[in-house]
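# Structural description and commentary
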Amino acid sequence: MSADHLFSHPSPRVFTLPPAAPFLTELARGLKDAFPDPDALSRVTVLIPTRRAGRELAEAFTRLSPGAALLPMIRPIGDVDADEPPFEPGELADIAPEAVSPARRRFELASLILQKEKAVGRSMGAGGALALADDLARLLDDLATEDVDDLGALTEQIRAALPAHMQEAALFLDIVLEAWPARLKEMQRVDPARRRSLLLKALAARWRETPPADPVIAAGSTGSIPAAAELLSAVASLPQGCVVLPGFARDMDEDAWAAIDDGHPQRAMKTLIELIGLDRDQVRFWPGAEEGRQDAPRARVIAEALRPAEATADWLRRVDDLKEAWGENVFETALAGLSVIDAPAPAEEARAIALMLRETLETPGARGILVTPDRNLSRRVITEMARFGVTVDDSAGQPLSDTPSGAFLIRVLQAALDPGSALAFSALAASPLFALGEERAPLRAVLGAMERRALRGRRPGYSWMALAGHVRDAAGDDEDRRDRWGGIIDTLAQALSPLSALEGAHTMRAWTQALVESAEALARTDDMAGADRLWATDAGENAALLMREFMEEAEALPPLSLHDFARAVLETARARLVRPRYGAHPRLQILGPLEARLAEADRVILAGLNEGVWPAAPKSDPFLSRGMRMAAGLSAPEERFGLAAHDFAQLACASDVTLTRSAKLDGAPTVASRWLWRLKTLARGALGEASEQALTPKRDYLALAEALDATTAHTFIKPPEPAPPVEARPRQLSVTQIETWVRDPYSIFARKILRLDKLDPLDRPAGPPERGTAYHAALETWVRSLGDADTLPRDALERLLKEGESALIQAGFSDNALGVEMKRFERVAQYMIVFEEERRDYGFLPTALEALGDITFEAPGGLFTLTARADRIDLRPSGALDIVDYKTGQPPSAKEVAAGFAPQLPLEAAMAARGAFEDAPSHEPGDLIYVRLSGGRVPGEPKSMVRNPDGDDAGILAEQALERLVKWVANFDDPRRTYPSQPRVKFVNKWGDYDHLARRKEWASAPGDDNGEGGAS
C-alpha cells in the first residue's frame, strides 16, 4: 500500500477499523505501509484523542520496527496547545488569551460564591465554596465544550423555569453569566475548555483555507466534542487527509440506524459523518485490515445487543437473519472467548479477577488489562495481586488524601485543630513520615508503648501541655520514661507552633506557609530534612504542587479560619488524583474506561458491570435541570451513556474477554449493567438454556478463589478450656468479679492469670460508666452531708443537684453533653429525695457508704479473700442491715440472684453479717435492694431481691451464696478444673471482653454444652 492508495479516493475520506482489531497496532502498520520511507513518515501528523493514546501509538510503531526509527508527529486533540505543532510559533496567538489555570479558576469561583452568599446574608465556609466551585467549573466546561457561547437570551427563561426550591440556583447562574466572564476579562484569561474549542476551530478554519503540505491523519476520535468534530471534518476534506473511526457500524440495518438515540454507542459517529457529509456506505475499511473482520460474529452480536431499545422488538427476526447469513453456529462462534462471572460479592469478584490476571502471566509475552470505573474494586484487586507477589498500579490513580504525603498534611491540620487530643496525636504519629527529628524505628517503639500505657481512655485535656502532663503522670516513677514521653509531646507542640500561633482569620498563603513549616518540622529525621522526606515521592510532588497553588493562586479567597483552611485542604486533596508515572508490571494494567480507549491486550477483563457503576449514574446538575440544559443547547446526560457504551463495545470485541459483576454490594442486591443484561438476554434468545454454558468461563475462577483461602479440611474448634496450675490461679476476687467468674470463667483466666487488660479507645467520651461513677460520687457526698437527721433539709434537692453537676463535670462530660445529663440527673435527684425521705421515715439510716470490706476463708489451694465495695448499708431499728446498690443500668432479676448468677448483694450481706465493713455493725441481713437510677420516664425504682424483707430470706440467700462460693473456689482449686468460655451460653447470652480471644464466634453457633451447674456451686 502507498500514500497514493491511501488518498486515492476523493475527499472527504473516512475509514474505520473493526472493533476486534487492535486499533493502534493496525493504524501504525497501515501508516508504515503507506509511508515506507522514514523521512516521509516523519512528516505525517497523526491527531489522536489523548496523550496516553499517543504514547501507546508510539509503542506500537516501536513494536513493528524494533530499534531506532523515525515516528510521525503524534499530537492529542483533547490537549491541543497553540505553542506546539501543528501550530506554528505565534501563529494563533491572537485567537484566544492564555487559559486560566484550574487551581486559579477554582479559587476565583469560590471567592465569587462567598461574595454572593455574603450579599444575601448567609455564611459559607471556604470548603463548601470550593466544592460548589467545582460544580460551577463543570458547568463552564460543558458550555465551552459544546459551543454554547451566550446564555444571555435564555437567562430569563431559565430563571422563570426554576421552581421555588431552586430559585437559589439563579444566584450561581449569575456567576456563570455575568461575574465570571467579567473576572476573566479583568485577568485577561479564558476558560481552558473554551480556549481548546477556539484553537481547534481556528486550526480547522486555517486548514480549510490553506491545506497543509504534509499528510494529516485523525484517528481514534469519535467527534463527541463539537470543535473536535469540526476539525475532523476539515481533516477528512484535506487533499492528504483522512479520519479513522474506531468501530464504526457501517453495516447496521436501516431501522436500527434510524433509531439511534443519545445513549447508543454509534451516536457521536453518526453525528460526525452527517457533519462531514458522507453516507454510511462511503466509510471504508482502513487499508490492511481485513474487511471480513468488521463482520466478525463477536462484533455483530455485541452490536445487536446494544442496538437502540426501539429496534429490539424484532430481535428474534434479527437472530434468524444472523443465523441465515453466518450459519447456525454464529452465536456459538461469537461467544467463544467471551465469558461472564457473576460473583456473590466484591471480595470474590476481586479474587477471581486476580487469579485471571495472574494466569495471564503464565503465557510468555501475554498482556492483560482490567478495565473498571470502580476504584474500590481496583484497590481490592491490587491487594489480591500482592499475595502473588505481583504489584499492579491503577492508572486512574488514587486521591492525594490517601497517599502518605497527603494524609500527613491532613493529620497535621487535625492535630492543630484539636490540641491535646490523643486520637489526633496517635493518627499523626502512625504516619511513616512522622519523625520529630529522630530515627523512625526507635521512635515507633516508644510511641507504641506510650499509646498503650498513657493515651488510652478518657481525654486528659484540651491542650498539648495537659497531654504532656498526663503522659508524664502515666509514666510513674520512671524518670527516663517521664522525660521521654513528655518530651515527645513538647516537641510536637513546638513543631505545631507555626499553626497554633495564627489565631483568627488569615490568608490562605499564611496558613499554607505555617502548614508547610509544621509538616517539615514533624517529618524531619536525625539525618534527613523534613522537606526531603515529605516532598520526595510522586505523591509528595503532588502535595508540594498543591501547597504552591494555595500560596500562589488563592489570593482571591478572603481570610479564613484554621477550620475552613483544613476543610479546603481536605476537599482539594480528595479531588486531586495521583497517577503512577509508569506501570508497576510491564504486562498487567488496571485502567479506567477513559484510559482504556484504544488499549490493546491479550486478555481483557471488564469488571464492575452493575447499573450505576458502569455505566455510571448520571450526575445531577445542581444548577440546571435536564430541560434547562436542553434549552440552553447543552447535551442530554444520556450522551455520556453512549460514549461509555462505545468504550464497552470496543473492549468487548477482544479475542479473550471476561465480564464480571457482583450480585450484592454491602449486603444489598445489585442490578446488572444494561449492557450485560441485554447481551445475556440476546444469547438466551438465540441459544436457549445453552447460553449459560456458552458464557461460562472454561475455568471456575470463583471456585478457585474460594479454594484459595480454604483449608484442606474444615476444622471445627471447641470452646477453650485452659487449666493453669493452681498456684497461678487467683486467691483474691471482688464480689463483682465473682459474678464474672460464675458466668464466664475464661474472662477471669484472661484477666487475672494472663493479665490481659482491655484497651480503652483513644479520647473515649464520657458514657454510661462515667455516668454511674458520677451518680455514686454525688449520692455518697450528699447522703453523708445529711447525717442521721430524721428529715431532709429544705435545700436537699439543690444540694444534690449541685453535687451531681460537680460529679458529672469531674467525670469528663463536655459542656454540650452536660445539658442533657443534668436533665437526666434532675429526675434522678427528685426520685432520691422521695426515696431518702421514705427510708428515714421508717428509721432506716445509712451506716456505711462506699464501704470497703473483705473476708478470708480456707480453701484447698490456700486462703481465699473476697473483697467488696458496698454502695450503701442501712441500719434498721431492729438492727438488721439493708444492703443497697445503685444501678444506672439494668439490675439483675430476683431469679438470677436466687440462682446464683448475680451473687453480689447476697455475698455483701454475708460479709456484712460477719462485720467485714467498717462502720457497719455485725448484724443479720434485712433486705437486699437494687435501686435503678435511669433518669428516664421512670427515673428511679427500688427492686428487692428477697421475697420477704422482714423475714429470714436475705440471711438464707447470703449464706447460700457464701456456701456456693466456698464450693466454687474449692472446685477451681482442683488442677483438673478448667476455665471454660461462657459455659452456660444457652442461659447467659452475654458477650464478654475476652470472647474474641476465646474465638467464641467460631464455636458459639453450635449448642452450648451446659453442665447443669447453677451459680457458684
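Before any of the text, the structure's been laid out above.
About the cut-offs
Residues numbered from 1 in each chain as written. Predicted model: local features only at pLDDT ≥ 70, side-chain atom pairs only at ≥ 80, totals over all residues. Heavy atoms only, no water. Helix = DSSP H or I, 4+ residues; strand = E, 2+ residues; numbered from the N terminus. Buried < 20%, exposed > 50% of the residue type's maximum accessible area, 1.4 Å probe, protein only. Contact = heavy atoms within 4.5 Å. Pairing = 2+ DSSP bridges. Axes fitted to C-alpha atoms, helices over the stretch in contact; angles between N-to-C directions. Core = buried A, V, L, I, M, F, W, Y, C linked by side-chain atoms within 4.5 Å. Phe/Tyr/Trp six-rings, centres within 6.5 Å; stacked < 30°, edge-to-face > 60°. Lys NZ or Arg CZ within 6 Å of the ring centre and 35° of its normal. Salt bridge = Lys/Arg side-chain N within 4 Å of Asp/Glu carboxyl O.

Once that is clear, we can look at the overall build of the protein. When its secondary structure is counted, the protein shows 42 helices and 21 strands. Considering the protein as a whole, with its 1017 residues, one finds that 50% of them fall into the buried category. Long-range pairs, those at least 24 residues apart, make up 77% of the contacts in the protein between residues at least 6 apart in sequence.

Neighbouring strands of a sheet are bound in pairs by backbone hydrogen bonds; such pairs are parallel or else antiparallel. The strand order S3-S2-S4-S5-S1-S6 describes an open sheet built from six strands, whose pairing is parallel. A single partner strand is all that each edge strand has here, and the edge strands are strand S3 (73-76) and strand S6 (284-285). Note that strand S1 (residues 14-17) and S6 share two bridges and pair parallel. In the strand pairing of S6, Thr-16 is matched with Phe-285. The sheet strands contacting helix H10 (residues 226-236) are S1, strand S2 (45-48), strand S4 (216-219) and strand S5 (241-246), and the helix crosses S5 at an angle near 130 degrees.

By size, the foremost hydrophobic cluster in this structure holds 87 residues, and its most contacted members are Phe-408, Phe-425, Phe-434, Leu-522 and Phe-565. Here this core gets nine residues from one element, more than from any other, and that element is helix H6 (residues 126-145). Not counting the four nearest positions on each side in its chain, Leu-522 is found in contact with Phe-408, Val-412, Leu-428, Leu-433, Phe-434, Ala-435, Leu-436, Leu-492, Ala-495 and Leu-496. Grouped together as the second largest cluster of nonpolar side chains are 50 residues, Ala-848, Ile-883, Ala-909 and Val-946 included.

Moving on, we get to the packing of aromatic side chains. Overall, the coordinates contain 20 aromatic pairs when judged by the stated rule. Ring plane angle 85 degrees and centroid distance 6.3 Å describe the contact between Phe-425 and Phe-434, whose orientation is recorded as edge-to-face. Aromatic pair Trp-741 and Trp-968: ring centres 6.1 Å apart, planes at 75 degrees, arrangement edge-to-face. Residue Trp-741 is found in helix H34 (residues 735-743), and its partner Trp-968 is found in helix H41 (residues 953-972); the two are separated by 227 residues along the sequence. The pair Trp-741 / Trp-968 is uniform in exposure class, with both members buried. An aromatic cluster of at least three residues, connected via ring pairs, comprises Trp-741, Tyr-746, Phe-749, Phe-857, Phe-864, Trp-968, Phe-972 and Tyr-979. Sitting over the face of the ring of Trp-968, Arg-977 holds its NZ or CZ atom 5.6 Å from the ring centroid.

Sheet architecture is open: five strands sit in the order S7-S13-S12-S8-S11, paired in parallel fashion. With partners counted over all chains shown, the strands left at the sheet margins are strand S7 (338-343) and strand S11 (588-591), one partner each. Shown here is a sheet whose adjacent strand axes are inclined to one another by a mean of 15 degrees, direction ignored. Pairing analysis gives four bridges linking strand S8 (residues 368-371) to S11, with the strands arranged parallel. Paired with Ile-369 across the bridge in S11 is Gln-589.

Opposite charge on two side chains allows them to pair when their charged atoms are near. The full count for this structure, using the stated rule, is 53 salt bridges. For Arg-104, the salt bridge is made with Glu-108, and the minimal N-O distance between the two is 2.9 Å. Of this pair, Arg-104 and Glu-108 both sit in helix H5 (residues 102-119), four residues apart, which is roughly one turn of the helix. On the basis of relative accessible area, Glu-108 is assigned to the buried category, the value being 4%. Put simply, Glu-836, Arg-839, Arg-840, Arg-872, Asp-874, Arg-876 and Asp-882 are held in one network by salt bridges that share partners.

In this section: the environment of Glu-837. With respect to the helices, strands and loops of the structure, Glu-837 is situated in helix H38 (residues 815-841). You can call Glu-837 partly exposed: its relative accessible area is 36%. Sequence separation of Glu-837 and Asp-790 is 47 residues, and the distance between their C-alpha atoms is 8.2 Å.

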